[in-house]
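Read off the chains here:
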Amino acid sequence: MKLSTSHNRYGCILGGRVHATNHEDTIDWVLGRAGRGESGYVCFATVHMIVEAYDYSEFKDVINGAGLVTPDGMPLVWALRLLGLREARRVSGPDLSPKICKAAAARGIKVGFYGGTPEVLDKVVTRMKAIFPEIRIVYACSPPFRALSQEEDEQIVQDIMRSGAQVLFVGLGCPKQENWMRDHTDRIPAIMLGVGAMFNFVGGVIKRAPVWMQTLGLEWVHRIVTEPQRLWKRYLTTNPRFVMLFTIQLLRFGRFP
């Protein structure tokens, strides 16, 4: 699937495709396809995701199989611009999700939520309904953290199909949510969005970094401070590797690898 607007270009960052898009075009892409009953998925790419894709070819195939991959973080925006895609803008899952809900409510598009703990999921649904009274939330499920049996998975697929959800927000964490969306493409007639920490942000479990830190590409510092045990190793090893590997890419291939 390709972008239907002028923002249809993408850059290859360490072998992973990342589109130079913006909020408006992404919303149109998602809701246009959702309204037509199409199946597909969107990845919101972070430095961690791109390095994971670089390290594991199977995961790279998952990312490159997405209909749309947006730069969720300023480092990837800067990387795209260094590749000559000056129009690139940051499109993160937490920022885009409320805008998708607002536009879906206005267009009568049915939405669903899959992921999070039962308590967090309830807060997400409650808050979205409070902010957007016209929103049509037809499905909400907090799956167990363990692997599902084939029967359990099929039941979830059937429940989503019966609900009529056309847009499905998936919050299982990277890379679990990306693999799940890939495995359920063509099984679920909805556009799936791998929104990761959006559930925890909206549910009030985790506080987002100040806007100035996000703009300067320092959101990872805030995440380490708030979740040090879980995230310190990811960021302090992944970020330097990304800088090194992308520098090598630029030196070897120039602006357009």
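These notes cover the structure that comes with them.

What counts, and where the lines are drawn
- Residues numbered from 1 in each chain as written.
- Predicted model: local features only at pLDDT ≥ 70, side-chain atom pairs only at ≥ 80, totals over all residues.
- Heavy atoms only, no water.
- Helix = DSSP H or I, 4+ residues; strand = E, 2+ residues; numbered from the N terminus.
- Contact = heavy atoms within 4.5 Å.
- Phe/Tyr/Trp six-rings, centres within 6.5 Å; stacked < 30°, edge-to-face > 60°.
- Buried < 20%, exposed > 50% of the residue type's maximum accessible area, 1.4 Å probe, protein only.
- Lys NZ or Arg CZ within 6 Å of the ring centre and 35° of its normal.

1. Digging into the side chain of Ser163
So, step 1. With respect to the helices and strands, Ser163 occurs in helix α7 (residues 150-163).
So, step 2. Leave out the neighbours within four places in its chain, and Ser163 touches Lys110, Val138 and Tyr139.

2. Comments concerning the packing of aromatic side chains
So, step 1. Within the structure shown, the criterion is met by four aromatic pairs.
So, step 2. Ring geometry for Phe113 versus Phe169: centroids 5.1 Å apart, planes at 15 degrees, classification stacked. Here the residue Phe113 occupies a position in strand β5 (residues 110-115), and Phe169 occupies one in strand β7 (residues 167-171), the gap between them amounting to 56 residues.
So, step 3. In this structure Phe113 comes out as buried when scored by relative accessible area, which is 0%.
So, step 4. A centroid spacing of 6.2 Å and a plane angle of 75 degrees characterise the contact between Phe113 and Phe199, whose relative ring orientation is edge-to-face. Separated by 86 residues along the polypeptide, Phe113 in strand β5 and Phe199 in helix α9 (residues 198-202) bring together distant segments of the chain.
So, step 5. Here a set of aromatic residues connected by ring pairs shows up, and it is made of Phe113, Phe169 and Phe199.
So, step 6. For the cation-ring pair, Arg17 lies above Tyr10, with the distance from its terminal atom to the ring centre recorded as 5.1 Å.

3. A word on helix α4 (residues 74-82)
So, step 1. Regarding α4, the residues found buried are Met74, Leu76, Val77, Ala79 and Leu80.
So, step 2. Immediately beyond the C-terminal end of α4, within one or two residues, lies Gly84, with a positive phi of roughly 100 degrees.

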